[in-house]
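Given next are the chains, with one letter for each unit.
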Amino acid sequence: MSPKKLIITGLLVALAISILIYQLASGLNSRVAFARKELLGLEYIKPLVKFIEHTQRHRGIMNGYLSGEISLKNEAIAELKEIEETIRQIDLIDFRIGRHLDASIRWAELKAKWRRLQGDALNISQEESFNRHTEVIAGTVAIIYHVADTSNLALDPDLGSNHIKEIVVTHLPTLIECLGQMRAKSTGALASGRINEAGKMHLAILESKAIAALDGVSHHLSEAVDVAPGLSLKLGNLSKDIAETTADALGLVRGRILASMFDLTPLEFFNQISVPIRNGFKLHALSISALEEMLGSRIRRLTREMYFAVGAAMSGTGLLVYLGIWSYISVMNGIRRLELSSKELSEVNKKLEYDIIERMKVEERLIESEMLSRSILEGAGDGIITINGHGIIESFNPAASDIFNYSPDEVKGNGISMLFSEPGKDANGYLADYLAGEGKGISMLETVAVRKDGSVFPAELAASKIDIPMKSLYTIVLRDISERNRVTLMERHNRELKREVEERLRIEERLKKSLERERELNQMKSRFVSIVSHEFRTPLSIIASSTELIEKHRDRVSGEKFSVYIQRIKSSNSRMVELMDDVLMIGRYSEGKVEFNPAPLHLRKFCENLVESIQFQIKSGHIITFNGSNCPYGAVMDEKLLRQMLINLLNNAVKYSPDMHGVLLDVYGEGDEVLFIVSDKGIGIPEESIGHLFEPFHRAGNTGTIQGTGLGLAIVKNAVDAHKGKIEVKSLVGSGTVFKIRLQLKNAEVVENA
């Protein structure tokens, strides 16, 4: 290998190494910036958590105070002072870093909502106070979620810190809020000395959510300790305290409030149930501190690695400079060669362009010459007859001889009337008028001409006057149009045949579509029979086996087992009834028999009640979260169809999601429309099934053994169409699915009839 090649090879290797080191340093710098932005998010979240803590306490105190416990007034005033101090701290941090996290506008809106609540605090009912406090807390949690997203916390790449982030952002806030709502509801019940069944159901749902959130905290803490064992000393004891005190608090609610044993004062109960809440906020603060330490350690480690990479990159700078000079000279030489080649190509292109233009001109002249020749030839095929002012034939061209079968000598000196079938009419009549000076010529007159043998034929003629010295002549140009008329007749016949063919093709197309529709209906019928028989087989088998067990072992079946068998029969019967209801509903939709009855609706309460009802029926560990912070209060919709639509979407989200995974219903207004978004973290939908999702009896290929009929989404689509709305779906297999439905807030039919 020559020295020059060795030098070039070495320079290329050095360049590659320098580029790799530079990319490594850039990547490390990006990761450092990523972690620093996470620290900004934690700094913003910490005072928001304090705001939630004091707002929860104020909610509970005001619940008791507005229910009649006047002794809680001083507690409420003290809590307001704490809230004001926390707001001041958030304002300072928001002024400094809020715009970097896109949180300033959200915080300003939330603060304004709190100010309105603060002004109305003593003039509203206990229930409205609870709901408005809860909205403020939910809005604060939403800001925490938003900050976690914009500050990279949601995308933290480290396994240990990611588990701590889940505790800080998701599970601890959920646990604390559930306990806070239970504290507020129970304090109000003790102050008023009563609680209704709806309140008890709400407390039971909150208890279920609190247990699920506590399990999430324990799970993520255990996973984090596996990665970073030192976290066990910092967070383990407090996590156990939270589990124990939460169990005590839940037992207190069950033993006192749900059992209607109001033997504690509101303040005593408030203080006892506040213990796990305080422990929760302590664990939250310690978790944030631990997460900050982990991020700080990561930043220091990445910074050291980045300095090493930068040093290595600087070491290769000399080689890169030399290589850059050499590359510049080589590139410039190449550019000069390319410029010379470009000029040569440009000259060749100009010459080719000139040749093409000249060739086009020649082709145009050839076309004109061809058209002229064709015109002359076509003209020579017409008969040309010349007569004088008395109608006597003076000339007869060869084409006219061929047409009439007369030689020129046979017609010269005779009157023009010998060539037409009705003397005095048609051509003779027009010529007489022309010769008398009353006409200006004949242009394309159709008449009947006579050959020498007496046969007649249709002809087309034109006549004009030619003035020559001492004499006037008239030229008649005549054409036999027998063939043209025959062609015209054939064309008319062909058009009629074409219309008949087209009509037959249309009939065939309709028959084809009808057959295709019949084939689709047969396929749908087959799917219907297959799915319905499969779906009915399981509940019918359960009913049959349970009935057989009761009949065979009637004397030996205990009361508890008897109840179990009866419950199985009822559940299986309910499943068959639901299936038949879905089938009947699809049938009514296809026949156009489903009525659309929009009416005014309290949308937020409707969604809250619907989510609570579905949550109460769920036996797995799923939690359905309703985000209605921006949900419009009123709407005009068909409540029955809206209920079917949301129930099917939420039940599907639960059915196709693993246990302990959450489902989110997000409802918010957007102009004169309202958006319903149902999202889950389930098995997802294959891309090839997206286009067939809303077809009756269609099921995605990855549903496996999960029960289903394929009717739910067809019912959803018909309900959306009845509202003249739109539905979108986005899904990724293994990551979850999002359904977005857009409906009008006020239905046009109701507005027009109002």
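Here the residue numbering is sequential within each chain, running from 1 through the sequence in written order. It should be noted that, the model being predicted, local features are given only for residues of pLDDT at least 70 and side-chain atom pairs only at 80 or more, the latter also being counted only at that level, while totals for whole chains, interfaces and linings use all residues. Each side-chain value is worked out from all heavy atoms of the structure, with water and hydrogens disregarded.

Colleague: So, the overall build of the chain: which residues are in play, and what are the values?
Modeller: For the purposes of this entry, the term helix denotes a DSSP run of H or I that reaches at least four residues, the term strand denotes a run of E that reaches at least two, and both are numbered from the N terminus. Helices and strands together make up the secondary structure of the chain, namely 19 helices and twelve strands. Counting every position in the chain, which comprises 754 residues, the buried fraction comes to 40%. On the chain, roughly 42,500 Å² of surface is accessible, and the fraction owed to carbon and sulfur atoms is 57%. Residue burial is assigned from relative accessible area. The probe radius is 1.4 Å, only protein chains are included, and a residue is buried under 20% of its type maximum, exposed over 50%, and partly exposed in between. Accessibility throughout is a Shrake-Rupley quantity obtained with a 1.4 Å probe, and a residue counts as covered only by protein chains that appear here.

Colleague: Requested: an account of empty space enclosed by the protein, with residues and values cited.
Modeller: Think of a 1 Å grid over the protein atoms and nothing else: a 1.4 Å probe that fits but is trapped marks a cavity, an open set flanked by protein within 12 Å on at least five of seven lines marks a pocket, and residues with an atom within 4 Å of a point count as lining. Grid points are joined across faces, edges and corners, and a volume is the space filled by probe spheres set on the points. Applying the stated criterion to the full structure yields one cavity of 30 Å³ or more. Here the largest cavity is characterised by a volume of approximately 60 Å³. Considering the residues around the largest cavity, the lining is formed by Val49, Ile52, Gln56, Val141, Ile144, Pro173, Ile176, Glu177, Phe281 and His284. Broken down by secondary-structure element, the contributors of at least two residues to the lining of the largest cavity are α1 (3-66), α4 (126-150), α5 (159-192) and α8 (266-315). For the lining of the largest cavity, the class distribution of residues is seven nonpolar, two polar and one charged. We call Asp, Glu, Lys and Arg charged. Ala, Val, Leu, Ile, Met, Phe, Trp, Tyr, Cys and Pro are nonpolar, and the rest, Gly among them, are polar.

Colleague: Any details on the pattern of salt bridges? Residues and values, ideally.
Modeller: For this analysis, a salt bridge means a side-chain nitrogen from Lys or Arg found within 4 Å of a carboxyl oxygen belonging to Asp or Glu. For the coordinates displayed, the defined rule picks out 25 salt bridges. Between aspartate 91 and lysine 111 there is a salt bridge whose closest N-O contact spans 3.0 Å. Here aspartate 91, found in helix α2 (residues 73-98), pairs with lysine 111, found in helix α3 (residues 104-120); they are 20 residues apart in sequence, far enough to count as distant. We classify aspartate 91 as partly exposed; its relative accessible area is 28%. Lysine 111 gets classed as partly exposed once you look at its relative accessible area, which sits at 23%.

Colleague: I'd like a rundown of unusual backbone geometry, residues and numbers included.
Modeller: For aspartate 102, which is not glycine, the phi torsion reads 55° and is therefore positive. Within the element layout of this structure, aspartate 102 appears in the loop between α2 and α3. Phi at asparagine 405 is positive, roughly 65°, even though this residue is not glycine. For asparagine 405, the position within the fold is in the loop between α10 (398-404) and α11 (408-411).

Colleague: Outline the nonpolar core, listing residues and values.
Modeller: To define a nonpolar core, start from buried Ala, Val, Leu, Ile, Met, Phe, Trp, Tyr and Cys residues and group those joined through side-chain atoms within 4.5 Å. Counting residues in each nonpolar core, the largest one holds 72 residues, and the members touching the most others are Tyr44, Phe51, Trp107, Ile164, Leu175, Ile257 and Phe269. With residues near it in sequence (within four places) discarded, tryptophan 107 still touches Tyr44, Leu48, Ile87, Ile90, Asp91, Asp94 and Ile143. The contact rule is simple, with two residues in contact once any of their heavy atoms fall within 4.5 Å.

Colleague: Requested: an account of the packing of aromatic side chains, with residues and values cited.
Modeller: The geometry of two aromatic rings is summed up by the distance between their centres and the angle between their planes. For this analysis, a ring pair means two rings from Phe, Tyr or Trp (six-membered ring only for Trp) whose centres lie within 6.5 Å, classed as stacked if their planes differ by under 30 degrees, edge-to-face if by over 60, and tilted for the remaining angles. All chains considered together, the criterion is met by four aromatic pairs. Geometrically, the ring pair formed by phenylalanine 51 and tryptophan 107 is edge-to-face, given 5.7 Å between the ring centres and 85° between the ring planes. Linking phenylalanine 51 in helix α1 with tryptophan 107 in helix α3, this pair joins segments that are 56 residues apart in sequence. Relative accessible area serves as the criterion here: at 2%, phenylalanine 51 is assigned to the buried category. The exposure class assigned to tryptophan 107 is buried, which follows from its relative accessible area of 2%. Ring geometry for phenylalanine 51 and tryptophan 114: centres 6.3 Å apart, planes at 85°, overall edge-to-face. Within this pair, whereas phenylalanine 51 is found in helix α1, its partner tryptophan 114 is found in helix α3, the two being separated by 63 residues in sequence. The class for tryptophan 114 is buried, based on a relative accessible area of 1%. Taken together, the ring pairs connect Phe51, Trp107 and Trp114 into an aromatic cluster. By definition, being over a ring means that NZ of Lys or CZ of Arg is both within 6 Å of the ring centre and within 35 degrees of the ring normal. A cation over a ring is seen here: lysine 185 above phenylalanine 130, with NZ or CZ 4.4 Å from the ring centre. One residue, arginine 604, lies across the ring of tyrosine 633, its end atom 4.3 Å from the ring centre.

Colleague: Give me the lowdown on the side chain of serine 129, citing residues and values where you can.
Modeller: Inspection of the secondary structure assignment puts serine 129 in helix α4. Discounting residues that sit within four places of it in the chain, serine 129 has contacts with Met62, Leu66 and Ile124.

Colleague: Break down the sheet that holds strand β9 (residues 662-670) for me, with residues and values.
Modeller: Read across the sheet, five strands follow the order β7-β9-β10-β12-β11 without closing on themselves; strand pairing throughout is mixed. Edge positions in the sheet fall to β7 (623-627) and β11 (726-732), since each has one partner strand and no second. The mean inter-strand angle of the sheet, taken between neighbouring strand axes irrespective of direction, is 15°. By the bridge criterion, five bridges tie β7 to β9 in an arrangement that is parallel. If you follow asparagine 627 over to β9, its bridge partner there is aspartate 666. Two strands are said to pair when DSSP picks up at least two bridges between them. Axis definition: a line fitted to C-alpha atoms, limited for helices to the stretch in contact. Angles are taken between N-to-C directions and run from 0 to 180 degrees.

Colleague: Could you give an account of the confidence of the model for the chain, naming the residues involved and the relevant values?
Modeller: The predictor attaches a confidence to each residue, called pLDDT, with possible values from 0 through 100. For the chain, the mean per-residue pLDDT works out to 79, and 74% of the residues sit at or above 70. Averaged pLDDT values for the elements of the chain fall to 42 in helix α19 (residues 748-753) and rise to 94 in strand β10 (residues 673-680). Contacts from residues 748-754, a stretch scored under 50 in pLDDT, to residues over four places away or in other chains number six contacts.

Colleague: Describe in detail the packing of helix α6 (residues 197-227) against helix α7 (residues 231-258), supporting the description with residues and values.
Modeller: One can describe the packing of α6 onto α7 by two numbers: an axis separation of 11 Å at closest approach and a directional angle of 165°. The angle between α6 and α7 falls in the class roughly antiparallel. In terms of crossing hand, the pair formed by α6 and α7 is left-handed. Packed against α6, whose contacting residues are Lys200, Leu203, Glu207, Ile211, Leu214, Leu221, Ala224 and Val225, the element α7 presents Leu231, Ser232, Leu235, Ser239, Ile242, Ala243, Thr246, Leu250, Val253, Arg254, Ile257 and Leu258 at the interface. We call two directions roughly parallel when the angle between them is under 35 degrees, roughly antiparallel when it is over 145, roughly perpendicular when it lies between 65 and 115, and oblique otherwise. Handedness of each helix crossing follows the sense of rotation of the near helix against the far helix: counterclockwise by less than a right angle gives left-handed, clockwise gives right-handed.

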